[in-house]
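# Chains, contacts and geometry: an overview
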Number of protein chains: 2
Amino acid sequence: MSGKGEVNDLLVFNIGSLVTNDLGRDGLLGIVEDAAVAISDGVLEWVGDGADIPAEYGDLPRLDAGGAAVLPGFVDPHTHLVFAGDRSDEFARRLRGESYEEILTAGGGILSTVAATRAASEDDLYDSAVERAWRMLANGTTTVEVKSGYGLNAATEEKMLRVARRIDESLPIDVIPTFLGAHVVPAEYREDRDAYVDLVCGEMLDVCAPLARFCDVFSDEAAFTVEETRRILEAAKNRGLEVRVHADQLGRVGAAHLAAELSAASADHLDHATDEDLTAMSAAGTSAVLLPAVSFSMRLPYPDGRRIWDSGVTVALATDCNPGTANVESMPFVVALAALNMGLTPDEAVWAATRGGALSLRLEDRGHLVPGAVGDLVVLDAPTHLHIPYRPDADLVAAVVKGGVIL
Amino acid sequence: MSGKGEVNDLLVFNIGSLVTNDLGRDGLLGIVEDAAVAISDGVLEWVGDGADIPAEYGDLPRLDAGGAAVLPGFVDPHTHLVFAGDRSDEFARRLRGESYEEILTAGGGILSTVAATRAASEDDLYDSAVERAWRMLANGTTTVEVKSGYGLNAATEEKMLRVARRIDESLPIDVIPTFLGAHVVPAEYREDRDAYVDLVCGEMLDVCAPLARFCDVFSDEAAFTVEETRRILEAAKNRGLEVRVHADQLGRVGAAHLAAELSAASADHLDHATDEDLTAMSAAGTSAVLLPAVSFSMRLPYPDGRRIWDSGVTVALATDCNPGTANVESMPFVVALAALNMGLTPDEAVWAATRGGALSLRLEDRGHLVPGAVGDLVVLDAPTHLHIPYRPDADLVAAVVKGGVIL
């Protein structure tokens, strides 16, 4: 977690273009030009004109932004960061035209990740996930949601969540852990789905609920039915977890509507969500988490982000970092994809990757740069945030500050 | 240029997967596993099994590839690397739905780059281009073609080509300079196109031909007609330049066919080239340079790389690095785009970004790793080249060797 007990004071000055997100969803970025921010004990204490820095901050350690743009740290609210194995060969086979069915027959697909993750030691899982987490930090992500879901048995699901906690404790990135025992029905339960749902609601939640903040279910065609999803999420809520849903990615099964009904924090993917689903989500305070890197990597149509945004729902962007359908770690790249392919403006995409992500995780204290927020921010190697879609392959993150500490 | 007079010897060993490209276009990558390569005086002297390194290379300086993949240095055969100004705001306006016509009216578009480039000092142009060239090197590009074309008068075209030469002389990247005086008709000649073509064929070629290896023309709707193109390229050939053509990007005007007729080294873009055009190019030894980052950034349909490859023509990939339509510098990103969106396999895309690029510049000595080739190679932070499309946002270049020197 941020801070880790240090005292973290910092004055960031000479900011050419500061994205504060202090105006809410419709005011968008709340940009202040020629700005400065003061962080005290890891918390943002003052934001204002660089010519009017209060004298009390004169002795803080200083970071010169060099006239560049500064954004809140990115909040990535949907990742499968902890996994074992490499599916680049499967990925190339798909690009050569093989079908997912052929790949499954050849031992590929998600179940190959499950087998590798079950076989991996906790330390090996930790080591590979730490490398990914450091790369995410280098790309400006200061808060990341991490799901289990490649265990599909109690011991491995617990192992994955322990790894997520260890990353949170050992790296300057805040990890929000999500239990996703209901990611897919494992092979050994294919003939008895009810028994698997019983396992998720019973033994798995026994061991995983204490390690998680959210419970997620992949509710879709070829995954869990809406009724199975309801059973699992209600069991999770009874354990004190908040809930989120992989919803209506492959078809419109009613998962987004269920998410709204259960006051889920988010419904994610939403390729097939209807206007009615979005209206229900908006009324329930359920955010929409969009994952453009999946469309990019799988060569599928992008969900219509413009329509989703215009429905009034809170929109967040996430990487979906995973070894099968989106081996992507960079939130700036996701912002570029969303602005280029989903009909969001660059401003909306940046908001969704910062404040939207935070709200989708029900974290009020981040994703914006206002007094009282966590002192997490990104200095770009660019004069404004518009360079993110303009230079989609560039490493635009010049510096990352987490809880007032320059990384 | 590579070498710069140093003696550059190196043994690269412990290569898990070596892309040699020693089998020609249809044999594709010619991968050797568990390989090593020896570079003597900047030239690749030996390639083989890592267990059979000849004793004579025992004393060379060594680079341990750590079991990773090694590729030839990328050859980027189409860039507008030298320019002044920033068009991120125009780019964002397009993403918000403004038309190119509205942007031109507001002072944007290519003519804003021309104005900024004319106004910039040679040193300022050099400084910004050097930053881009270093980033290209960091992404594994060891040879880059650089066009003029934002001057549209003799003095500025010459200034751009001098900058290109200075980059070649001062950085460990080989710059192949191309004169593109016929990029667009400048505003001051809009009413007298013939006079502008006269200027290109006369005074501009007088000063630019000695600084360039190629002459290029943007031959398309809204650019130069096929007859204007023919006149300019024949004048250039009479000055000893080889030729290449921006061909049939916006419509099928017959530019690719003209390129074949003139034995051009390449025809580039080709969105609207017909099968007959491609057959003529193939017969003439004219390469097809494809620029997927333009389609990505402009949200346009991608040319059908599959059809173009299958026509038998030599296919190359390039960034088209420029401030308007593709502010992209990374050849790995271009490889990922081509494999994901143009129907090329990952192997074909890697070949096109290395050997294909070299052949499109008529450089026989690079883009492959065989005895006698330049000692330019890239060590990936990945076990195979398949990670390039699999991890499209990752910085996969772990080390770059230029002429036997580790950068």
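Residues numbered from 1 in each chain as written. Chains lettered and ligands numbered in written order. Predicted model: local features only at pLDDT ≥ 70, side-chain atom pairs only at ≥ 80, totals over all residues. Heavy atoms only, no water.

## Re the overall build of chain A
When its secondary structure is counted, chain A shows 15 helices and 16 strands. In terms of C-alpha radius of gyration, chain A reaches 21 Å, essentially the compact-globule figure of 22 Å for 407 residues. If you line up chain A on its principal axes, its C-alpha atoms span 70 × 45 × 40 Å. Out of the 407 residues in chain A, the part that is buried amounts to 64%. Restricting the contact set of chain A to residue pairs at least 6 apart, pairs at least 24 apart contribute 71%. When the accessible surface of chain A is split by element, carbon and sulfur atoms take 49% of a total near 13,300 Å². Considering chain A, the positive charge centre built from 32 side chains and the negative charge centre built from 64 side chains are found 4 Å apart. (Helix = DSSP H or I, 4+ residues; strand = E, 2+ residues; numbered from the N terminus. Rg over C-alpha atoms; globule rule 2.2 N^0.38 Å. Buried < 20%, exposed > 50% of the residue type's maximum accessible area, 1.4 Å probe, protein only. Contact = heavy atoms within 4.5 Å. Areas by Shrake-Rupley, 256 points an atom, 1.4 Å probe, with all protein chains shown as cover. Lys, Arg positive; Asp, Glu negative; His and termini not counted. Charge placed at Lys NZ, Arg CZ, Asp CG, Glu CD.)

## A short note on the relation of the copies chain B and chain A
Mapping chain B onto chain A leaves a residual RMSD of 0.0 Å; the transformation is a rotation of 180° accompanied by 0.0 Å of translation along its axis. Taken together, the turn and the small shift mark the pair as related by a two-fold rotation axis. Residue Asp393(B) of chain B places its C-alpha closer to the rotation axis than any other residue of that unit, at 3.5 Å. A shared interface surface links the copies, since 100% of the contact residues of chain B are contact residues in chain A too. (Least-squares fit on C-alpha atoms with pLDDT ≥ 70 in both.)

## Description of the pairing of strand E11 (residues 266–269) of chain A
Residue and element names in this part refer to chain A. Two strands pair when backbone bridges link them, and strand E10 (residues 242–247) and E11 are joined in this way by four bridges, in the parallel orientation. Pairing of Arg 244 across the sheet is with Ser 266, part of E11. A crossover connection joins E10 to the parallel E11 through helix H9 (residues 255–261); in handedness this β-α-β unit is right-handed. Relative to strand E12 (residues 287–290), E11 runs parallel, the two sharing three bridges. Pairing of Ser 266 across the sheet is with Ser 287, part of E12. A crossover connection joins E11 to the parallel E12 through helix H10 (residues 275–284); in handedness this β-α-β unit is right-handed. (Pairing = 2+ DSSP bridges. Right-handed = clockwise from strand over helix to strand, strands pointing away.)

## A closer look at the environment of Leu11(B)
Looking at where Leu11(B) falls in the secondary structure, it is placed in strand E1 (residues 10–18). Sequence separation between Leu11(B) and Asp64(B) is 53 residues, and the spatial gap between their C-alpha atoms is 8.5 Å.

## Regarding the pattern of salt bridges
One pass over the structure, following the stated rule, counts 60 salt bridges over all chains. Salt-bridge contacts for Arg118(B) lead to Glu188(B); the nearest nitrogen and oxygen are separated by 2.9 Å. Taken together, the residues span a long stretch of sequence, with Arg118(B) in helix H4 (residues 110–119) and Glu188(B) in the loop between strand E8 (174–182) and helix H7 (193–208) at a distance of 70 residues. Assessed through its relative accessible area of 28%, Arg118(B) is described here as partly exposed. Arg366(B) serves as the salt-bridge partner of Asp365(B), at 2.9 Å between the closest nitrogen and oxygen. For Asp365(B), a relative accessible area of 30% corresponds to the partly exposed category. Residues joined by salt bridges that share partners form a network here, namely Glu122(A), Asp123(A), Glu158(A), Arg162(A) and Arg166(A). (Salt bridge = Lys/Arg side-chain N within 4 Å of Asp/Glu carboxyl O.)

## Quick notes on the sheet that holds strand E9 (residues 214–219) of chain B
Through backbone hydrogen bonds, the strands of a sheet pair up, either in parallel or in antiparallel fashion. Residues and elements named next belong to chain B. Ordered by their spatial adjacency, eight strands build an open sheet running E6-E7-E8-E9-E10-E11-E12-E13, and the pairing between neighbours is parallel. Two strands bound the open sheet, and with one partner strand each, they are strand E6 (74–76) and strand E13 (315–317). Each strand of the sheet is rotated relative to its neighbour by a mean of 25°, with strand direction disregarded. (Axes fitted to C-alpha atoms, helices over the stretch in contact; angles between N-to-C directions.)

## Details of unusual backbone geometry
Unusually for a residue other than glycine, Asp320(A) sits at a positive phi of about 65°. Note that Asp320(A) resides in the loop between strand E13 (315–317) and helix H13 (331–341). One non-glycine residue, Arg362(B), lies in the positive phi region at around 60°. The class of Arg362(B) is partly exposed, set by a relative accessible area of 32%.

## A closer look at the state of the cysteines
All names here are of chain A. Taken as a whole, this structure holds zero disulfides over all chains when the rule is applied. Lacking any disulfide linkage, Cys 201 is separated from the closest cysteine sulfur, that of Cys 215, by 8.2 Å. On the basis of relative accessibility, which here comes to 15%, the residue Cys 201 falls in the buried class. Cysteine Cys 208 remains unbridged, with the sulfur of Cys 215 as its closest cysteine sulfur at 9.3 Å. Cys 208 gets classed as buried once you look at its relative accessible area, which sits at 0%. (Disulfide = S-S within 2.5 Å.)

## Some remarks on the interface of chain B and chain A
Each side of the interface is counted separately: chain B has 32 residues, and chain A has 32 residues. Buried area between chain B and chain A, both sides added, is near 3,000 Å², and the carbon and sulfur share of it is 62%. Contact with chain A buries surface across chain B, with Leu340(B), Tyr390(B) and Asp393(B) losing the most and accounting together for 25% of the total. Where chain B packs against chain A, one counts ten residue pairs in polar contact (both at pLDDT 80 or more). Elements with a contribution of two residues or more to the side of chain B that touches chain A: helix H2 (88–95), helix H11 (292–298), helix H13 (331–341) and helix H15 (387–390) of chain B. (Buried area = accessible area lost by both parts, 1.4 Å probe. Polar contact = N/O pair within 3.5 Å; in protein donor to acceptor, adjacent residues only side chain to side chain.)

## A few points about the domain arrangement of chain A
All names here are of chain A. Domain boundaries in chain A define domain 1 (10–72 + 368–406) and domain 2 (75–360). Counting each side, the surface lost to burial between domain 1 and domain 2 is near 1,900 Å², with a carbon and sulfur contribution of 69%. Counting every contact that joins domain 1 to domain 2 gives one salt bridge. A salt bridge links Asp 174 to Lys 402; the shortest N-O distance between them is 2.7 Å. It is strand E15 (residues 397–402) that provides the largest number of residues to the side of domain 1 that touches domain 2, a total of four residues. Partitioning the side of domain 1 that touches domain 2 into residue classes produces 13 nonpolar, four polar and three charged. (Domains from an automatic or database assignment. Nonpolar A, V, L, I, M, F, W, Y, C, P; charged D, E, K, R; others polar.)

## Overview of the confidence of the model for chain A
Residues and elements named next belong to chain A. Averaged over all residues, the pLDDT of chain A equals 95, while 98% of them reach at least 70. Overall, residues 1–5 carries pLDDT values under 50, and its contacts beyond four positions in sequence, including any with other chains, amount to 13 contacts. For this predicted complex, the interface confidence score (ipTM) comes to 0.96, while the overall pTM stands at 0.97. (pLDDT = per-residue confidence, 0-100.)

## Observations concerning the side chain of Asp248(B)
Residue and element names in this part refer to chain B. Assignment of secondary structure puts Asp 248 in the loop between strand E10 (242–247) and helix H9 (255–261). At 5.0 Å, Arg 252 is the nearest oppositely charged side chain to Asp 248, a buried residue that forms no salt bridge. Polar contacts involving the side chain of Asp 248 include one to the main-chain amide nitrogen of Ala 256, which spans 2.9 Å. When neighbours within four sequence positions are excluded, Asp 248 is seen to be in contact with Ser 219, Asp 220, Val 253, Gly 254, Ala 255, Ala 256, Leu 270, Asp 271, His 272, Ala 273 and Asp 277.

## Quick word on the sheet that holds E13(A)
All names here are of chain A. The strand order across the open sheet built from eight strands is E6-E7-E8-E9-E10-E11-E12-E13, with neighbouring strands paired in parallel fashion. Two strands lie at the open edges of the sheet, namely strand E6 (74–76) and E13, each paired on one side alone. Looking at each pair of strands side by side, their axes are set apart by 25° on average, direction ignored. Both E12 and E13 contribute to a ladder of three bridges, which runs parallel. Paired with Leu 290 across the two strands is Leu 317, which belongs to E13. The strands touched by H13 are E6, strand E7 (141–147) and E13; relative to E6, the strand with the most contacts, the crossing angle is about 85°.

## Topic: the nonpolar core
The biggest cluster of nonpolar side chains holds 237 residues, and the ones touching the most others in it are Ile167(A) and Ile167(B). Sequence-distant contacts of Ile167(B), that is, excluding residues within four places in its chain, are made with Leu81(B), Tyr126(B), Ala129(B), Val130(B), Ala133(B), Ile173(B) and Val175(B). (Core = buried A, V, L, I, M, F, W, Y, C linked by side-chain atoms within 4.5 Å.)

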